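# Summary of the model geometry
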Protein chains: 12
Amino acid sequence: MTVVKSTIPESARQVTGDALQSTLVDLLGLSLIGKQAHWNLVGPRFRSIHLQLDEVVTAAREFSDTVAERSAALGLPPDGRPETIASAFTLPGPKEGWVRDTEVVGVMVESLEAAIGRLRERITATDEADPVTQDLLITITAELEKQRWMFDAENWPKDS
Amino acid sequence: MTVVKSTIPESARQVTGDALQSTLVDLLGLSLIGKQAHWNLVGPRFRSIHLQLDEVVTAAREFSDTVAERSAALGLPPDGRPETIASAFTLPGPKEGWVRDTEVVGVMVESLEAAIGRLRERITATDEADPVTQDLLITITAELEKQRWMFDAENWPKDS
Amino acid sequence: MTVVKSTIPESARQVTGDALQSTLVDLLGLSLIGKQAHWNLVGPRFRSIHLQLDEVVTAAREFSDTVAERSAALGLPPDGRPETIASAFTLPGPKEGWVRDTEVVGVMVESLEAAIGRLRERITATDEADPVTQDLLITITAELEKQRWMFDAENWPKDS
Amino acid sequence: MTVVKSTIPESARQVTGDALQSTLVDLLGLSLIGKQAHWNLVGPRFRSIHLQLDEVVTAAREFSDTVAERSAALGLPPDGRPETIASAFTLPGPKEGWVRDTEVVGVMVESLEAAIGRLRERITATDEADPVTQDLLITITAELEKQRWMFDAENWPKDS
Amino acid sequence: MTVVKSTIPESARQVTGDALQSTLVDLLGLSLIGKQAHWNLVGPRFRSIHLQLDEVVTAAREFSDTVAERSAALGLPPDGRPETIASAFTLPGPKEGWVRDTEVVGVMVESLEAAIGRLRERITATDEADPVTQDLLITITAELEKQRWMFDAENWPKDS
Amino acid sequence: MTVVKSTIPESARQVTGDALQSTLVDLLGLSLIGKQAHWNLVGPRFRSIHLQLDEVVTAAREFSDTVAERSAALGLPPDGRPETIASAFTLPGPKEGWVRDTEVVGVMVESLEAAIGRLRERITATDEADPVTQDLLITITAELEKQRWMFDAENWPKDS
Amino acid sequence: MTVVKSTIPESARQVTGDALQSTLVDLLGLSLIGKQAHWNLVGPRFRSIHLQLDEVVTAAREFSDTVAERSAALGLPPDGRPETIASAFTLPGPKEGWVRDTEVVGVMVESLEAAIGRLRERITATDEADPVTQDLLITITAELEKQRWMFDAENWPKDS
Amino acid sequence: MTVVKSTIPESARQVTGDALQSTLVDLLGLSLIGKQAHWNLVGPRFRSIHLQLDEVVTAAREFSDTVAERSAALGLPPDGRPETIASAFTLPGPKEGWVRDTEVVGVMVESLEAAIGRLRERITATDEADPVTQDLLITITAELEKQRWMFDAENWPKDS
Amino acid sequence: MTVVKSTIPESARQVTGDALQSTLVDLLGLSLIGKQAHWNLVGPRFRSIHLQLDEVVTAAREFSDTVAERSAALGLPPDGRPETIASAFTLPGPKEGWVRDTEVVGVMVESLEAAIGRLRERITATDEADPVTQDLLITITAELEKQRWMFDAENWPKDS
Amino acid sequence: MTVVKSTIPESARQVTGDALQSTLVDLLGLSLIGKQAHWNLVGPRFRSIHLQLDEVVTAAREFSDTVAERSAALGLPPDGRPETIASAFTLPGPKEGWVRDTEVVGVMVESLEAAIGRLRERITATDEADPVTQDLLITITAELEKQRWMFDAENWPKDS
Amino acid sequence: MTVVKSTIPESARQVTGDALQSTLVDLLGLSLIGKQAHWNLVGPRFRSIHLQLDEVVTAAREFSDTVAERSAALGLPPDGRPETIASAFTLPGPKEGWVRDTEVVGVMVESLEAAIGRLRERITATDEADPVTQDLLITITAELEKQRWMFDAENWPKDS
Amino acid sequence: MTVVKSTIPESARQVTGDALQSTLVDLLGLSLIGKQAHWNLVGPRFRSIHLQLDEVVTAAREFSDTVAERSAALGLPPDGRPETIASAFTLPGPKEGWVRDTEVVGVMVESLEAAIGRLRERITATDEADPVTQDLLITITAELEKQRWMFDAENWPKDS
């Protein structure tokens, strides 16, 4: 017996559900590694990067809530438990302990870039299945691409 | 060579650092399982519990930031990476998939109770080592005890 | 002689206009039956559902304004007069007089579900005709699906 | 068996209930025709009248909520369903399609004037029955008379 | 020698003063028993009722201030001391210790109903004596009747 | 030919119009003498009275606007021109030049008392003619009686 | 014996005091005639001009307070009593009763223009005497010239 | 069977519960006598003391809520019913009727001083039993000592 | 060597970059001509159109920022320098000097219409290349079409 | 025939008009090059300079509005069209494409310095002609000098 | 080598720098003695003067920031170090320990008066050197003269 | 004769008073040197450090007020006069004139570290004497340790 009924057909539910669940994991993971870098950052650009990382965390937290609630709205229970994130999250993040500012900027560019690549695949995948979900993924991509640019612009010249 | 210098003596740093690191894990874990329950909740009290869980999540997120920054302030780099939480978090949480409201209330009472028990031990442990950290742990305990009471009051009679 | 000129070609105007006009009627109707339930509700979940219904009403009112103004922007005068709503509105709503909370939850799930089904058809229909209108319909669908989920989650187990 | 008990005697309930129910219909109807005019207005005074109509709509919506909740508070379930408004609403409103600004101003003066006349009768009718309801009707009359004046002042000279 | 002079004639002062003083006691008493229930409530509707009670308390506190200051404005010193409330307050309230949610809803319906009955008598009594005071009592009655309805609607079916 | 039409019958218009016009003059006059005292006050209670006078001015200005717009709403053009106020205003006010704080308190008590006496007569006069206007006069009286009390309480013992 | 001492020399006080006192009268008068026009306005531009007049009134009231307090700060008690304004105010204003919008626009242009001319003379007069007062008069002139322009721009073509 | 479970051991519960219950009574009593003085105050310092008393009332109300909820959180149902306050409240307060400002200042100094003395005893008593409760009592003491100082500073020279 | 890396393939970058750069020029140009009209407007509808133009300017400025940052986010440096706007901006705008209100309304309808036509082409062009950019262009089109409608509705009858 | 009349004599109008028109061009140009740098900036100080540039843009936009409206207020239509800015703007700005942070800081120091030099000449020029305009130019200079200092302080040591 | 370059000529820099540096010392000193009086005040006007002193402190702190940043903007490093204030500050202030309210009022009148006298000399001194700095000094003088008046008005009769 | 009475015993007053007075001097001194550095800072990190210093100043000012008022609340008049700060303040601060950003960061780490060391001694010293004061010192230490960490993190690698 169905708990929460879906408003999209059976055929569309699998691809949409996968897209939302993996986006949820990426966003929760990003919010955790963003905070990790926010706390362990050292170097002359400490304050600038410290504040910028909180913007990534705020965006990631808000989008994770929207993504999970969208999944529930489609009758697909989202999974954001600690063990799920730890096993499913694959984006690069800062190593343990203090991290130099240049290093943090580099790892955020990489991590956001990987997240964006995965989101773009899901935008294509959900095009037929559910345009409502696709529209949400497009919105998230726009924000993460903006964040990625700002870290990348900060990262120049590459060897500084 | 020290990266960030500590303002408390060597002898006090170990116990304070342990108290803060394990509190950080408990709070980050609570914020994740609180959201998990927030999304997967079903039952006639859905809206009430859905909103109440967000208050737990908000408190847990804000305290986790204060706790991690206090650790950094003492020269001890905090660790809130996904893999750390997954391996170190031991409080009970909701199972995968949809969860009935009565069940959520029950698991939150248990989880908060366990967190409080652990915090009270750390309050005792840090009494000598660092009264500033102790004061923060007292503040967190007050809030979690208030949250626990509200779920417990909601949980009566036990078999409803 | 044209009063307000359209910025989309003649061929696209009919389908877009129909989609917007019928969405307008659905939203104005939803705002009226949402308030009707908000006022006539009785039962132990009175306060929770009373507040939740106002969120539906607020969303329906705001979207109805956007939809009607989009219709006007395309040179198509929208029709939201009492007699038009009464004759064109077909979604289920609460019966006259006091209504039990369980009943209200059930009728809102049904009514929102019917509205969503109709919106999804219009999303498909406007895909070629006007992507700007389609984008608006997608946004409305996302919100109504979220509202529907929350009533459905509240509606469990079905016989409670 | 009574669902919601009344705090006024049986004798007073009929006249008070009638006054509230017909006021509710007038206000909900006004909110719908106010929006209809807001969307379909054309002419050199578009922006001024467009904004002024929204003030009427806002007032009508807020008062309709207060009136309906007052009815419920007296144990009389209010009726604001689409079919009720369509059949019971008798105030003049704008015709279908685009409407010239001068015409809108004229129809709003007429419609508000009719509403005020009906409210003044109900103020007299409820004087004995329920001074609390009467006080609410007085407040609504004050606001609608203010709105009517502003449209009437805008309407001068009559043939402009 | 008069301390604060009255702006109403001697003949009107007694009835107005009595109406205000007894209303003051009822409102201060309501604010205390509302908080008592707010704190001692248990049961599955804990959060809903807990929040609703605070709305009663807020209203009762604000009105008590207006009522007492109106009494002072008429040259009649109001009396809201603990011993006065304890001896003069006669409305029903929750018993000592934890109280079940259904019981709280019931006692609030009764207590508000008794307060309303007493206010309606004072509205009649002050009609001649002081229309300004009467208008204040009408405003308070409207709010308490609204609060009473919401608890009564929540109280259905009576045996739930 | 009528410019702005009245919604009350011919017979009621004279008494209502007179009540509103003379109230308008009293309020505009009060706002001017309140500011005069606010600026010319000297004495150890300067700051307290300086701030309190601004509350009288704010109230008088807001009520004057409501009163004048109510008059216009009834088709009776209000008159608040400088020469009208100067010739029609009869309440006592501060003399020219610096004024001692005790003196200001005394003159405000007198001036507000006179204004209240006149308002109470108009409340009686408009009872039949227009309950909407009467309700506004009651509201103004409540506020001015509150202000009068506060100056009178400040004025004790009379010879201090 | 001096009540409030002046911080500018005897020689400068006369010219500065005259400039401030006559500016005070102009501003209080402008605030009264602005409101008079705000209430008695009729014509198709009612709403636009009605709102614009309130901006003049707000500016005039705020500046009148600053001007009067500046006068007091220089040890010169300002005079803003009703009789003073009536006898000293010389700027043109609206006639009694309803006034057509075109006429209001015209009279506001004239009245502001006259006020500006007088202010520019006082700017010159206070140049030597008190640069602090001069700076205030410059600020007021900037605002009144802006208001005058907006009415003048609205007044085109002159015969419309 | 326990309704709300305690998170502190049996041995600590008695002393903590007593400290919280008697603090609750003191704070609710203070909020009532603070308002009593706020309303019945007369004398040249009326406005200053009137406003200052509201700060005491606001603080007392907020702390009473925190104290009562802390008691509930420890499984100890708080008691703030009118009869409890009347019988248990022992701090000095203003007598019935109008009270001179100097007298109010004196009684507030005494009443706050007595409250502080009792709080300091409870701070010592709860040191072992519950550091979380102790921390709350410390916070309350800081605020009441600040309020006491301000009344005491106002009270100088004693015979003024 | 690349400065800011792109997250879309080489093939998609040209069409997306062109769409964004030409939209940037259109929006910056619109913000400049909107302000030009805002300042140089004359005629009886001055205030209405003056305020409406600022809404166009605000929208154009905010969208220009989003568009330029989106271009940067894709690794394509945007160009909004004065000389670029002057040479690339092709939409119609107001002539030099004072402009009559009817003329301003007409030119804004034309200018917005031209901008919309160009945006709709870019929506089609970017459909394959970058759905994220397309979504942004859709949002901008919706707003400009709304603005265009309001000027067009104001523009009726065409010869007024 | 004059459209908007001037309140300063013919002789003063030319110099004042020139000062305002050239200031308008400088400010609009600064707002465009500030945004250009805001978008195209790269380097380790990206975030700091990115945010600081927006403060320049905000100030330049607000002052450009005040300057243009002051010009209109003096009867002199301001010119801020794209072609005017492009031909009349002479301050240095960033080159096309990405720009290194050090370079941006340098060019902003130069550009603001040039703008300040020109403003100081206009302050002298308008001293006799119009002290109101002069006062506005002084205010703008103060803000631009503050901005210039902050970029200059950031620019040290010059070769970093 | 110059660190921050000046935008005024060498000749003007000395007098402007001296004016700003001595104003900075006066303002920082005023903020310290204002707080000293705020804390140590006793007497029946405690609350009034306590709050008024904080307005002086707030103004002095904000102006000190503007003055110091203006100095930096002119290439002249400001000096606000503790030892500088202590040695250069010459205005009268409260003595050590508790201070009676009458005494505080007196000393604030004297201290502000001395500060104003010094500011007026600097206004004259900077007239040629830098009108931007002069304008800032005029603004500060206006505020301090307003504060001085309010203490002086409070100080009447002198022997009270 | 005592002016403000103390609520702690004679024996505890000396140590508590010393702790508060020396903390007051440290905080007022920190607020002055923080501003000094805020104004005189140069170097590529200007904006970041400029803003961060203002957070130190804000915290230092707010805590200084709380500390001084706590001292007064205990009957001990605080001393924050310029000469007291100059002679008693011993923490390191920036030298006169422009200071390089790296140098400022270094001196702030040192100064905050010294302040923290002194605070920790006072926390120990007041443990017995006054837990309320101790709690305040703990709160201040937490904030200063957070500020110190952020400057220290910014200070890495030490030789950058």
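Residues numbered from 1 in each chain as written. Chains lettered and ligands numbered in written order. Predicted model: local features only at pLDDT ≥ 70, side-chain atom pairs only at ≥ 80, totals over all residues. Heavy atoms only, no water.

### Description of the overall build of chain A
Let me state the cut-off plainly: Counting from the N terminus, the helices are DSSP H or I runs at least four residues long and the strands are E runs at least two residues long. As defined in this context, the radius of gyration uses C-alpha atoms, and a globule is described by 2.2 Å times the residue total to the power 0.38. Three labels apply to residues, based on accessible area from a 1.4 Å probe with only protein chains included: buried if under 20% of the type maximum, exposed if over 50%, partly exposed otherwise in between. Here a residue-residue contact requires only that any non-hydrogen atoms of the pair lie within 4.5 Å. Note that accessible areas follow from Shrake-Rupley with a 1.4 Å probe, and for residues the cover is restricted to the protein chains shown. By the counting scheme adopted, Arg and Lys are positive, Glu and Asp are negative, and His together with the chain ends is not counted. Note on charges: their place is set at NZ of Lys, CZ of Arg, CG of Asp or CD of Glu.
Scanning chain A for helices and strands turns up five helices and two strands. From first element to last, N terminus to C terminus, chain A shows the α and β order α-β-α-α-β-α-α. By the compact-globule yardstick of 15 Å for 160 residues, chain A fits well, its C-alpha radius of gyration being 17 Å. Across its three principal axes, chain A shows a C-alpha extent of roughly 55 × 30 × 20 Å. Looking at the 160 residues of chain A, the share that counts as buried comes to 69%. Sequence-distant contacts in chain A: of pairs separated by 6 or more residues, those separated by 24 or more amount to 80%. Of the roughly 5,000 Å² that chain A leaves accessible, carbon and sulfur atoms contribute 51%. Computed over 16 positive and 25 negative side-chain charges, the inter-centroid distance for chain A is 3 Å.

### Some remarks on the interface of chain A and chain B
Interface size is often expressed as the accessible area that is lost when the parts come together. Stated precisely, the cut-off is as follows: Defined here as a combined quantity, buried area equals the accessible surface (1.4 Å probe) lost by two parts on assembly, summed across both. A pair is scored as a salt bridge if a Lys or Arg side-chain nitrogen falls within 4 Å of a carboxyl oxygen belonging to Asp or Glu.
Contact residues are listed per partner, giving 36 residues for chain A and 36 residues for chain B. Across the chain A to chain B interface the summed buried area is about 2,900 Å²; carbon plus sulfur atoms make up 68%. The largest per-residue losses of area from chain A upon contact with chain B belong to Trp-39, Pro-82 and Trp-98 of chain A, which jointly make up 25% of the total buried on that side. Two residues, Asp-65 of chain A and Lys-35 of chain B, come together in a salt bridge whose shortest N-O distance is 2.7 Å. Counting residues per element, the ones that place at least two in the side of chain A that touches chain B are α1 (10–40), α2 (46–73) and α3 (82–88) of chain A. Here the element with the most residues in the side of chain A that touches chain B is α1 of chain A; it accounts for nine residues.

### Considerations on the confidence of the model for chain A
Rules: Across the chain, each position has a pLDDT score giving the predictor's confidence in that residue, from 0 to 100.
When pLDDT is averaged along chain A, the result is 96; 98% of the residues meet or exceed 70. Here the predicted complex scores 0.98 on pTM and 0.96 on ipTM.

### Structural notes on the pattern of salt bridges
Once their charged atoms are close, side chains differing in charge can pair, the charge on each being opposite to the other. All chains considered together, the criterion is met by 240 salt bridges over all chains. Of the charged contacts in the structure, one is a salt bridge between Lys-35 of chain A and Asp-54 of chain A, with a shortest N-O distance of 2.9 Å. Here Lys-35 of chain A, found in helix α1, pairs with Asp-54 of chain A, found in helix α2; they are 19 residues apart in sequence, far enough to count as distant. Note on Lys-35 of chain A: relative accessible area 7%, which makes it buried. Residue class for Asp-54 of chain A comes out partly exposed when judged on its relative accessible area of 25%. In the salt-bridge network here, residues are joined through shared partners; they are Lys-5 of chain A together with Glu-113, Arg-148 and Asp-152 of chain C.

### Looking at the side chain of Glu-154 of chain H
Its place among the elements puts Glu-154 of chain H in helix α5 (residues 131–154). Sequence-distant contacts of Glu-154 of chain H, defined by excluding residues within four places in its chain, comprise Arg-45, Ile-49, Gln-52 and Val-105 of chain H together with Gly-43, Pro-44, Arg-45, Phe-46 and Arg-47 of chain K.

### Structural notes on the relation of the copies chain L and chain B
What relates the pair of chain copies is a rotation about an axis plus a shift along that axis. Let me state the cut-off plainly: The copies were overlaid with a least-squares fit restricted to C-alpha atoms from residues scoring a pLDDT of at least 70 in each copy.
With an RMSD of 0.0 Å, chain L superimposes on chain B once it is rotated by 120 degrees and translated 0.0 Å along the axis. The operation mapping one copy onto its partner corresponds to a three-fold rotation axis. Residues of chain L ranked by C-alpha distance from the rotation axis are headed by Asp-135 of chain L, positioned 4.8 Å from it.

### Remarks on the packing of aromatic side chains
To keep it simple, the criterion reads: Ring pairs shown here join Phe, Tyr and Trp side chains whose ring centres sit within 6.5 Å, with only the six-membered ring taken for Trp; geometry is labelled stacked below 30 degrees between planes, edge-to-face above 60, and tilted in between.
Following the criterion strictly, the structure yields 12 aromatic pairs over all chains and no others. A ring pair is formed by Trp-149 of chain D and Phe-46 of chain G, whose centres lie 5.7 Å apart and whose planes are at 75 degrees; its orientation type is edge-to-face. Separated into two different chains, Trp-149 of chain D in helix α5 (residues 131–154) and Phe-46 of chain G in helix α2 (residues 46–73) make up a pair that spans both.

### A closer look at the arrangement of the chains
Without any contact between them, chain F and chain I keep their closest C-alpha atoms 21 Å apart. Over all C-alpha pairs, chain G and chain L never come within contact, reaching a minimum spacing of 26 Å.

### Some thoughts on a negative patch on the surface
Basically, it comes down to this: Note on patches: the residues involved have over 30% relative accessible area and no salt bridge, like charges join within 9 Å, and the nonpolar side chains Val, Leu, Ile, Met, Phe, Trp and Tyr join within 5 Å.
The grouping of Asp-127 and Glu-128 of chain A, Asp-127 and Glu-128 of chain C together with Asp-127 and Glu-128 of chain I at the surface amounts to a negative patch. Mapped onto the negative patch, the elements with two or more residues apiece are α4 (101–129) of chain A, α4 (101–129) of chain C together with α4 (101–129) of chain I. In this structure, Glu-128 of chain I sits in helix α4.

### Section: the interface of chain L and chain B
Keep this limit in mind: Pairs of N or O atoms are called polar contacts if they sit within 3.5 Å, as long as, within protein, a hydrogen donor faces a hydrogen acceptor (for residues adjacent in sequence, only side-chain-to-side-chain pairs). Amino acids are sorted into nonpolar (Ala, Val, Leu, Ile, Met, Phe, Trp, Tyr, Cys and Pro), charged (Asp, Glu, Lys and Arg) and polar (every other residue, Gly among them).
Across the contact, 16 residues belong to chain L and 16 residues belong to chain B. Surface buried jointly by chain L and chain B totals about 1,400 Å² across both partners, of which 61% is contributed by carbon and sulfur atoms. Three residues stand out in chain L for area buried against chain B, namely Arg-120, Trp-149 and Trp-156 of chain L, and they jointly supply 37% of the buried area on that side. Counting across the interface, chain L meets chain B through four salt bridges. With its nearest N and O atoms 2.3 Å apart, the salt bridge here joins Lys-5 of chain B to Glu-113 of chain L. Between chain L and chain B we count six residue pairs in polar contact (both at pLDDT 80 or more) in total. Of the residues in the side of chain L that touches chain B, the class split is seven nonpolar, one polar and eight charged.

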